[in-house]
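Summary of the model geometry
For reference, the chains in residue letters:
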Amino acid sequence: MKKLQLIKNAKKIVIKIGSSLLIDNGKFNYKWLKSFVEDLDSFLNKTQIIIVASGAVSLGKSYLKFNTHEVNLNIKQAFAACGQIFLMNNFIKVFEEKKKKVAQILLTFADTEDRRRSLNSRETIKSLLLSNVIPIINENDTVATDELKFGDNDRLAARVAQIVEADLLLLLTDVEGLYNKNPKHHGDAKLVEKVTKIDSQIYKMASSQTNSYGSGGMLTKIQAAEIAGSYGCNTLIFQGNIENPLKNLKKNDKGSLFISSEKKKKGMKNWLAGSINISGALEIDNGAIDALKNGASLLPSGIQRVLGKFSKGDIIEIKDYNGKKLGKGISYYDANEVEMIKGKKSALIKKTLGYEGREEVIHRDYLYLSER
Ligand code: GLU
């Protein structure tokens, strides 16, 4: 199927447009956004659209007339505080020309990784879409600190796609997509048109391909595609740094499509599948793997190894002997407690820990298993 048709077929799309498209020499690229909104109007008039847009830091830097590259986090946050207004102002103006309304949503890592807060943002986004308002989302850079930050809007967009249960994630960028080698250094580099499995080879291809503005490059785009794929959402990376990018896509049909092999998930399992904030992992035996596949909870008896430090309520990964990721879940116990009860029958939990805890370490309702 042609790529534009694939986009047209989707009901709900998250579109990520980065600074390399929206900012030109420190200024907002109004002409580009105008051409893009024209495209949305002609091709995706009936689709529910959520936009993840960046450029706040860059616009704020120009506004405050900062030339130096070395700025600390607080200054960057100040840039974002200034620039975000300009960013939104431009969006309001461009969409107004097409008689469309927009709204601003600023999210942090903590908002998407906390189930309750992510549900709150979902409800807000739903109400906006119902009122025909296009949500424009960015990371809340003014409050996010380095250790608890997305840092790139690619992964933020993937998490937003999970929150809104989108069918498709579009990542517009300044190249045609993922190449098998860096096209700047290899004349024979080929565009990878279709990916059905994101493995280390795909990451290797991506690792050398970066752009000049955003913090992401190709690597975070692959990470985003992997996150989206985990809850059954496909991702398309294609060239956006030209006017009327969708019209162009109609003509050249070029891009990298990442097809998810997972079934679409709902509710808690959907949120867990896309979660990024992983605190540790458990290695489990084959008996436990079979039990989980049959819908059981994870009991202490099947746990072989505890990796990392996590607390009760944290999201942890479930792995097999070889370290293959099988899924994720919310742990009922702290890591040191799991260390004490691993391999034991649940009846021994009370004797071992000194209190009567749950018989399972991860309850099946709080467990996501990958289909792969
Ligand atoms: N959120 C940042 C901004 O608006 C950019 C993050 C990114 O480059 O992806 O400037």
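Look above for the structure.
Throughout what follows, the structure given in this document is the object of discussion. Starting from 1, residues in each chain are numbered consecutively following that chain's sequence as written. Totals for whole chains, interfaces and linings use all residues, but because this is a predicted model, local features are given only for residues with pLDDT of at least 70 and pairs of side-chain atoms are given and counted only at 80 or more. No hydrogens and no water enter the side-chain calculation; it runs on all heavy atoms of the structure.

**Topic: the site of the ligand**
Note on terminology: near, applied to a residue and a molecule or strand, indicates that one of the residue's heavy atoms is within 4 Å of it. Taken together, 11 residues lie around the ligand, and Gly 55, Val 57, Asn 138, Asp 141 and Asn 153 are the ones closest in. Here a polar contact means two N or O atoms within 3.5 Å. Within protein one must be a hydrogen donor candidate and the other an acceptor candidate, and residues neighboring in sequence count only if both atoms are side-chain atoms. The contact in question runs from a nitrogen atom of the ligand to an N or O atom on the side chain of Asp 141, over 2.9 Å. When the residues that make up the shell around the ligand are grouped by side-chain class, the tally is 2 nonpolar, 7 polar and 2 charged. Each residue gets one of three labels, nonpolar for Ala, Val, Leu, Ile, Met, Phe, Trp, Tyr, Cys and Pro, charged for Asp, Glu, Lys and Arg, and polar for the others, Gly among them.

**Some remarks on the pattern of salt bridges**
Any carboxyl oxygen of Asp or Glu within 4 Å of a side-chain nitrogen of Lys or Arg constitutes a salt bridge here. Per the stated rule, a full pass over the model turns up 24 salt bridges. The salt bridge partner of Glu 165 is Arg 122, with a shortest N-O separation of 3.6 Å. With Glu 165 in the loop between helix H8 (153-163) and strand S7 (168-173) and Arg 122 in helix H7 (residues 115-130), this residue pair connects regions lying 43 residues apart in the sequence. Where Glu 176 meets Lys 254, a salt bridge forms, and the shortest distance between an N and an O atom there is 3.7 Å. Within this pair, whereas Glu 176 is found in the loop between S7 and strand S8 (194-195), its partner Lys 254 is found in the loop between helix H11 (245-252) and strand S10 (256-258), the two being separated by 78 residues in sequence. Using a 1.4 Å probe on the protein chains alone, a residue whose accessible area is under 20% of its type maximum counts as buried, one over 50% counts as exposed, and one in between counts as partly exposed. According to the relative accessible area criterion, Lys 254 is partly exposed, its value standing at 34%. By definition, any uninterrupted DSSP run of H or I lasting at least four residues is a helix, any uninterrupted run of E lasting at least two residues is a strand, and each is numbered from the N terminus.

**A short note on the side chain of Gln 162**
As for its position among the elements, Gln 162 is in helix H8. Note on contacts: a residue pair qualifies if any of its non-hydrogen atoms lie within 4.5 Å across the two residues. Setting aside residues no more than four positions away along its own chain, Gln 162 makes contact with Tyr 231, Asn 270, Trp 271 and Gly 274.

**Some points on the nonpolar core**
In terms of nonpolar packing, the biggest core is built from 48 residues, with Val 14, Ile 137, Val 160, Leu 169, Leu 178 and Phe 258 touching the most fellow members. In contact with Phe 258, not counting residues within four places along its chain, are Leu 178, Val 195, Ile 198, Ile 202, Ile 222, Ala 225, Asn 234, Thr 235 and Ile 237. Listed in part, the 37 residues of the second largest apolar core include Ala 10, Val 94, Leu 170 and Leu 246. To form a nonpolar core, buried Ala, Val, Leu, Ile, Met, Phe, Trp, Tyr and Cys residues must be joined to one another through side-chain atoms within 4.5 Å.

**Side note on the packing of helix H9 (residues 200-207) against helix H10 (residues 217-230)**
An axis is simply a line fitted to the C-alpha atoms; with a helix, the fit covers only the stretch in contact. Between two such axes, the angle follows the N-to-C directions and lies from 0 to 180 degrees. Running from amino to carboxyl end, H9 crosses H10 at an angle of 150°, the nearest separation of the two axes being 7 Å. Here H9 lies roughly antiparallel to H10, going by the angle between them. For the pair H9 and H10, the sense of crossing is right-handed. Only Met 218, Leu 219, Ile 222, Gln 223 and Glu 226 of H10 make contact with H9, whose side of the interface consists of Ile 202, Tyr 203, Ala 206 and Ser 207. Here the contact of H9 with H10 is composed, by residue class, of 6 nonpolar, 2 polar and 1 charged. These descriptions rest on fixed angle ranges, namely under 35 degrees for roughly parallel, over 145 for roughly antiparallel, 65 to 115 for roughly perpendicular, and the rest for oblique. If you view the pair so one helix is near and one far, a crossing is left-handed when the near helix is turned anticlockwise from the far one by less than a right angle, and right-handed when it is turned clockwise.

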